[in-house]
Amino acid sequence: MIRLPPLPSHVYLLFFIALALVASGGIGGWMLERMGEVKRVATESNREAAAQEVKRAAAVTLNALERQLTNLTRWDETRQQLADPTYYGYWRENRALKVERLAPFVLDLELYDVDGEALEAHPARMPEQLPAGQLLLRRETEGPALYLFAPVRLDDGRVIGHAGLKAGLSAALPALNRFRHADVGRLTLIDPEGRPASDGWWSLDGADELARWIVVRPQPLPETVALERVMRETVGQLVVAALLLGSLYYLLVVRLLQRPLSLLANHIDTLRRGRGASPLPAPPDWSLRLSELEAVRRSLNDYQEELDAAQVSIRQKNRELWELSHRDPLTGLRNRTAYNEEWKSLLALVRGRPVGVGVILVDGDHFRAINDSYGHAVGDEVIRIAARCLAKKLGDEDRLYRLGGDEFAIRLVGVTAEEAEERARTCQVLVGEYDFKEALGIKEPVRFSAGLAHAEGSRPEELVLLHKRADIAMYQAKRPGGAKIVRYTPELGEGAEATVSSRYVHAVYRAIERGEGFQLHYQSVVALGEGEGYHEVLARLRDDDGLISPAHIFPVVVAEGLETEFDLAVLGELIGLLGRGAVPAGAGLSVNLDGTSLTEPRIHERLLGLEPFLADRKLVLEVTETALIADLKEASKILQGLRERGFTIALDDFGSGYSSLRYLSTMPVDVVKFDIAMVRDLERDDGQGRITETVARMILEAGYQLVAEGVETEALMTRVRATGFTHAQGYLLGRPSPTLLLK
């Protein structure tokens, strides 16, 4: 038995494809050549013959109509009607149009007197006035019509009137002629010269012009039928040839590729399912074999043992990789990747169901200060302890994640909004009760802020916004003087709209990039003793819709990361006002700076632009205590340099963050501004109120000026004076105003 050597698959494929292409190309070329030649000759011949037929038919039809008209003019009854038209209407309808003297395709007639007036006007059928031309053409609803006119003469040649006939062209042509080439069943007219009609009438010169008006449509000829027959035969032969070649090709492909590939596919599928599989056997000696398939078969058999051994190792590596990508190495909690994936799965699971879902975001307060003061090793241990505390009171369905840094997320399922809030309070208490001083030597309190949001699965439009809403609530919780646990409400959402409102975003960028829209307001800081008062400069923006409040400005600034750029713009606006003399000499001004801007060289350069005005004005730079604590050493160095140049430094919002008297002693500040919450504690008669009074007196004794913010009532003003504050600020003493009022 002859055994063919294995050949590459492309050799077989190229051979049979080339054979099929040669055969199909030869048949197709022969078919196209015959079809094109026959069709061209038949079409041209048929078109010319049809045109000649129409031309002859026009002449024959016009001659026949002229004979009809001549017979009518020579008829004695016609002459009698012109002599005495008393019974013309009866004669016309019952004699002239019904006798066999006129052909069936004559549709109407009319007699005219010697002046060209119709004996009985029928404007819808024949002209009322004898037209100038002897042959007229008109398009009508029932089809094109020919109108012929001739004089009626007596035997002596005198003209006594005129006669006109109307004939349907669509009926006259086939009635008077036989057409073999032209199709006049759907008669269409077209003016070959594009002449305008006179009231819808066209005047023709004769049969040749009439023929040019008729659109020639050739009829199918026997040659066309023969062409179609040849085409069918040729296509049939091509189909038969393609079927034969395709069948042969199919059989060869089945023998060469399908069966071996099926064996390979089944074997690979078995391996994919993880089941044991015996080595692939060699094909029978009598079959055609491909070298590539033989190589694949041998390779599969060679690697099968290695794959079986590697599967166990791969599964183990996959488990380790999942843990690495979904677990936080510091705390062992699930990380942000796991949070995002599991959150999507949870949304799909509870969507449309009456299941309560809550998200709590927990973030450390001033955690960077702990890292800077005690080292990152202590900071990492704080994170681990916080994770353990947060996990203590979580239910079986709750899930705790570390999203990064000191930020955690808690996902709650099957809880009410009140239960979610209680869970957040419990977690905060557990962290707050832990003795970090005993465990790690941290002297300052370790606090975490929490924002939570709740929604029902039956309200999918709110469910997808849970994380964003919890983030808004946490942002509110971390604000100075705010509650450390904040639950999202629609009012918070309205305040957060500033970060997405195109109006507010456009206004902020316009102010920063072009310096447009700024309107600085001033609020008095009143001296309560012998010191000097001054005015705090408050940034406002104005657009075409009116004044924009700070509640809409600063969320955009923070969200877009524009703190430094906004401070630069405010300082530039203030320098411009001072340069124009808008602020009189002797007036004191204070301006707020974001702590993150202090180390920016552009801010330092812009502040130096205020230096020329220090000679006759008091200029105060207010920085929040939270900004100072974030980078105390660098901030202190920069502020000390500004003090030496003549600026007064104020520590703003004291008591709202992480400050202590020990930190205050190292800060290069001249003025301390108590936060509103601490000032209002003065109205309390409990220990908190006494502690606030004591802290205030200690700061005063240390030589600082002390400002009370948020003074709105006479009772609170009395307590402020009694405590010894040097300055006070609030609505009781003056609201922010675009006009600088000097007292």
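Calculation notes
- Residues numbered from 1 in each chain as written.
- Predicted model: local features only at pLDDT ≥ 70, side-chain atom pairs only at ≥ 80, totals over all residues.
- Heavy atoms only, no water.
- Helix = DSSP H or I, 4+ residues; strand = E, 2+ residues; numbered from the N terminus.
- Buried < 20%, exposed > 50% of the residue type's maximum accessible area, 1.4 Å probe, protein only.
- Contact = heavy atoms within 4.5 Å.
- Areas by Shrake-Rupley, 256 points an atom, 1.4 Å probe, with all protein chains shown as cover.
- 1 Å grid on protein atoms, 1.4 Å probe; cavity = no way out; pocket = protein on both sides within 12 Å on 5 of 7 lines; lining within 4 Å.
- Points joined across faces, edges and corners; volume = space filled by probe spheres on them.
- Nonpolar A, V, L, I, M, F, W, Y, C, P; charged D, E, K, R; others polar.
- Phe/Tyr/Trp six-rings, centres within 6.5 Å; stacked < 30°, edge-to-face > 60°.
- Salt bridge = Lys/Arg side-chain N within 4 Å of Asp/Glu carboxyl O.
- Polar contact = N/O pair within 3.5 Å; in protein donor to acceptor, adjacent residues only side chain to side chain.
- Pairing = 2+ DSSP bridges.
- Axes fitted to C-alpha atoms, helices over the stretch in contact; angles between N-to-C directions.
- Core = buried A, V, L, I, M, F, W, Y, C linked by side-chain atoms within 4.5 Å.

Draft legend 1. Just the overall build of the protein, in detail. When helices and strands are counted, the protein shows 25 helices and 20 strands. When each of the 743 residues of the protein is scored for burial, the buried share is 43%. Once local pairs closer than 6 in sequence are excluded, the contacts in the protein between residues at least 24 apart make up 67%. Carbon and sulfur atoms provide 53% of the accessible area of the protein, an area that totals close to 39400 Å².

Draft legend 2. Spatial organisation of empty space enclosed by the protein. Tallying each qualifying case throughout the model produces two cavities of 30 Å³ or more. One number sums up the size of the second largest cavity: a volume of about 40 Å³. Lining the second largest cavity we find Ile360, Val362, Ala424, Cys427, Gln428, Phe448, Ser449 and Ala450. Looking at the lining of the second largest cavity, the elements that each hand over two or more residues are β6 (356-364), α11 (417-433) and β9 (448-456). When the residues that make up the lining of the second largest cavity are grouped by side-chain class, the tally is six nonpolar, two polar and no charged.

Draft legend 3. Examining the environment of Gly206 more closely. Tracing the chain through its elements places Gly206 in the loop between β5 (201-203) and α5 (207-213). Beyond its immediate sequence surroundings of up to four residues, Gly206 is in contact with Leu62 and Leu135.

Draft legend 4. A look at the packing of aromatic side chains. The tally for this structure, following the rule as stated, stands at nine aromatic pairs. Seen in terms of ring centroids, Tyr112 and Phe149 are 6.2 Å apart; in terms of plane orientation they differ by 65°. Their pairing is edge-to-face. Placement of the pair is Tyr112 in strand β1 (residues 106-112) and Phe149 in strand β3 (residues 143-153), with a sequence separation of 37 residues. A relative accessible area of 4% places Phe149 in the buried class. Seen from their ring centres, Phe518 and Phe566 are 6.0 Å apart, and the 45° between their planes marks the pair as tilted. You can see Phe518 sitting in the loop between α16 (502-514) and β11 (521-527) and its partner Phe566 sitting in helix α18 (residues 563-579), a full 48 residues away along the chain.

Draft legend 5. Structural context of the pattern of salt bridges. Counted under the stated rule, the structure contains 27 salt bridges. Among the salt bridges present, the one from Arg388 reaches Glu381, with a minimum N-O distance of 3.9 Å.

Draft legend 6. Representation of the side chain of Glu140. Here Glu140 is to be found in strand β2 (residues 135-140). Look at Glu140 and you get buried, because its relative accessible area is 19%. In this structure the side chain of Glu140 is engaged in a polar contact, spanning 3.0 Å, whose partner is the side chain of Lys166. Not counting chain neighbours up to four residues away, the residues in contact with Glu140 comprise Ala145, Tyr147 and Lys166.

Draft legend 7. Molecular detail of the sheet that holds strand β4 (residues 159-168). Here five strands make up an open sheet; going across it, the order is β1-β4-β3-β2-β5 and the pairing antiparallel. Strand pairing shows two members of the sheet lacking a second neighbour, β1 and β5, which therefore form its edges. When strand polarity is set aside, the average angle formed by the axes of neighbouring strands in this sheet is 25°. Of the strands in this sheet, β3 and β4 touch helix α4 (residues 169-176), which is tilted by about 80° from β4.

Draft legend 8. Broad picture of the sheet that holds strand β19 (residues 705-708). Strand order around the closed barrel formed by eight strands is β11-β12-β15-β16-β17-β18-β19-β20, with mixed pairing between neighbours. In this structure, strand β15 (residues 589-593) lies alongside strand β16 (residues 619-624), joined through five bridges in parallel fashion. Counterpart to Ser590 in the pairing with β16 is Val620.

Draft legend 9. Region of interest: the environment of Ala64. The topology assignment puts Ala64 in helix α1 (residues 9-74). Taking C-alpha positions, Ala64 is 9.2 Å from Ala172, a pair spaced 108 residues apart along the chain.

Draft legend 10. Looking closely at the nonpolar core. Counting 67 residues, the largest nonpolar core has Leu589, Phe674, Val720 and Phe725 as its most contacted members. Residue contacts for Phe674: discarding those within four places in its chain leaves Phe654, Val679, Thr692, Val695, Ala696, Ile699, Leu706, Val707, Glu709 and Phe725. In terms of nonpolar packing, the next biggest core, distinct from the first, is built from 44 residues, Trp91, Ala96, Val99 and Leu173 among them.

Draft legend 11. Main features of the environment of Glu421. Structurally, the position occupied by Glu421 is in helix α11. On the accessibility criterion, Glu421 (18% relative accessible area) is buried. Between the C-alpha atoms of Glu421 and Ala450, which are 29 residues apart in sequence, the distance is 9.7 Å. Sequence-distant contacts of Glu421, that is, excluding residues within four places in its chain, are made with Leu452 and Arg487. At 3.3 Å, the side chain of Glu421 and the side chain of Arg487 are in polar contact.

Draft legend 12. Expanded view of the side chain of Thr692. Within the secondary structure layout, Thr692 lies in helix α24 (residues 687-701). Looking at Thr692, the relative accessible area reads 1%, which means it is buried. With near-sequence residues (within four places) excluded, Thr692 lies in contact with Phe674, Met678, Asp681 and Leu682.

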